Amino acid sequence: MAFDIILIVLASVLLLLGLVGSIVPGLAGPPLSYAGLLLIHFTSRAQFTVSQLVWWLALTLLTIIFDYLMPALGVRKWNGSRWGNWGCIIGTVAGCFIFPPWGVIVGPFAGAVLGEMLIARRDVHTAIRAGFGAFVGFLFGTVFKLTVCGWFIWCAVKALIY
């Protein structure tokens, strides 16, 4: 019983950290929330099916992939070139390391703009549109992560209540 309480408290912290990590760069939001669900699974209060755990793991991995791809898809949607896409991807990765946490937001935008202007030789207006697409893609990825983490919290609460 005491072990269950400890696991539930730790799971709650992980689920909430996951929600915060969906907004704050540097915290892996959905993986933290998934870890919280796993802790709840190991209590005697709630048991999830194997298919639920596998589905949630797949969804967690999908959010990680979307987090990196959505800015590049935004560049493409806003008429950026392949050089803008590459700049966006490189800017996303570089932004994580060069000046966290803001680099995750600024990196895709700056990378797309620089890729469009320096390599694709596009005008400033077109380059900024591609950068804006990267930012919109980043926002869509963030909303997706928030939705997944919110759903994980709802599943955890539902499992603990019933």
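Quick caveat: nothing in here was measured; it's all calculated off a predicted structure.

1. Observations concerning the overall build of the protein
Move 1: Secondary structure assignment for the protein yields six helices and zero strands.
Move 2: Going residue by residue from the N terminus, the α and β elements of the protein occur as α-α-α-α-α-α.
Move 3: Dimensions along the principal axes, computed over C-alpha positions, put the protein at roughly 65 × 30 × 15 Å.
Move 4: In the protein, buried positions account for 41% of the 162 residues.
Move 5: Put simply, 63% of the contacts in the protein that link residues at least 6 apart link residues at least 24 apart.
Move 6: Total accessible area computed for the protein in this model is approximately 9,100 Å², and 79% of it derives from carbon and sulfur atoms.
Move 7: Each charge class in the protein was averaged separately, 9 positive and 4 negative side chains, and the resulting centres sit 6 Å apart.

2. Some words on unusual backbone geometry
Most peptide bonds are trans, and most residues other than glycine sit at a negative phi.
Move 1: Of note in the backbone geometry, Asn-79 takes a positive phi value of approximately 65° without being a glycine.
Move 2: In this fold, Asn-79 is placed in the loop between α3 (50-77) and α4 (82-98).

3. Focus: the pattern of salt bridges
Move 1: Evaluated as defined, the whole model comprises two salt bridges.
Move 2: A salt bridge links Asp-67 to Lys-145; the nearest nitrogen and oxygen atoms lie 3.4 Å apart. Of this pair, Asp-67 sits in helix α3 while Lys-145 sits in helix α6 (residues 124-161); the two residues are 78 residues apart in sequence, bridging distant segments of the chain.
Move 3: Its salt-bridge partner being Arg-122, residue Glu-116 comes within 3.6 Å of it at the nearest N-O pair.
Move 4: Residue classification places Glu-116 among the buried residues on the basis of a relative accessible area of 0%.
Move 5: By relative accessible area, Arg-122 is classed as partly exposed at 31%.

4. What to know about the confidence of the model for the protein
As a general rule, the predicted coordinates of low-pLDDT regions are not to be interpreted in detail.
Move 1: For the protein, the average pLDDT comes to 88, and 99% of its residues sit at 70 or higher.
Move 2: Mean pLDDT per element in the protein: α4 is the minimum at 82, and helix α2 (residues 29-41) is the maximum at 96.

5. With respect to the packing of aromatic side chains
Move 1: All chains considered together, the criterion is met by seven aromatic pairs.
Move 2: Centroid distance Trp-78 to Phe-132: 4.9 Å. Interplanar angle 85°. Geometry classified as edge-to-face. Placement of Trp-78 in the loop between α3 and α4 and of Phe-132 in helix α6 is noted, with a sequence separation of 54 residues between them.
Move 3: Taken together, the aromatic side chains of Phe-48, Trp-56, Trp-151 and Phe-152 make up a single cluster linked through ring pairs.

6. Let's talk about the environment of Thr-63
Move 1: With respect to the element layout, Thr-63 can be found in helix α3.
Move 2: The spatial distance from the C-alpha of Thr-63 to the C-alpha of Leu-10 is 23 Å, given a sequence separation of 53 residues.
Move 3: Contacts of Thr-63, omitting those with residues within four sequence positions, involve Pro-30, Phe-144, Lys-145 and Val-148.

7. Quick look at the state of the cysteines
Move 1: Tallied over the full model, the rule gives zero disulfides.
Move 2: With no disulfide of its own, Cys-149 lies 12 Å from the sulfur of Cys-155, the closest cysteine sulfur.

8. Quick word on the environment of Arg-121
Move 1: Residue placement: Arg-121 occurs in the loop between α5 (103-119) and α6.
Move 2: Measuring from C-alpha to C-alpha, the distance between Arg-121 and Trp-83 comes to 9.6 Å, with 38 residues separating the pair along the chain.

9. Comments concerning the nonpolar core
Generally speaking, nonpolar side chains in soluble globular proteins are found buried as a group.
Move 1: Among the nonpolar cores identified, the biggest contains 18 residues, and Leu-15, Leu-37, Ile-40, Phe-48, Trp-56 and Phe-152 are the most heavily contacted of them.
Move 2: Of all the secondary structure elements, the ones that give two or more residues to this core are α1 (2-21), α2, α3 and α6.
Move 3: Per element, the largest residue contribution to this core is seven residues, and it comes from α6.
Move 4: With residues near it in sequence (within four places) discarded, Ile-40 still touches Ala-11, Leu-15, Ala-46, Phe-48, Ala-156 and Leu-160.
Move 5: The next biggest cluster of nonpolar side chains, apart from the first, holds five residues, and it includes Val-75, Cys-88, Ala-112 and Ala-130.

Scoring rules and cut-offs
Residues numbered from 1 in each chain as written. Predicted model: local features only at pLDDT ≥ 70, side-chain atom pairs only at ≥ 80, totals over all residues. Heavy atoms only, no water. Helix = DSSP H or I, 4+ residues; strand = E, 2+ residues; numbered from the N terminus. Buried < 20%, exposed > 50% of the residue type's maximum accessible area, 1.4 Å probe, protein only. Contact = heavy atoms within 4.5 Å. Areas by Shrake-Rupley, 256 points an atom, 1.4 Å probe, with all protein chains shown as cover. Lys, Arg positive; Asp, Glu negative; His and termini not counted. Charge placed at Lys NZ, Arg CZ, Asp CG, Glu CD. Salt bridge = Lys/Arg side-chain N within 4 Å of Asp/Glu carboxyl O. pLDDT = per-residue confidence, 0-100. Phe/Tyr/Trp six-rings, centres within 6.5 Å; stacked < 30°, edge-to-face > 60°. Disulfide = S-S within 2.5 Å. Core = buried A, V, L, I, M, F, W, Y, C linked by side-chain atoms within 4.5 Å.

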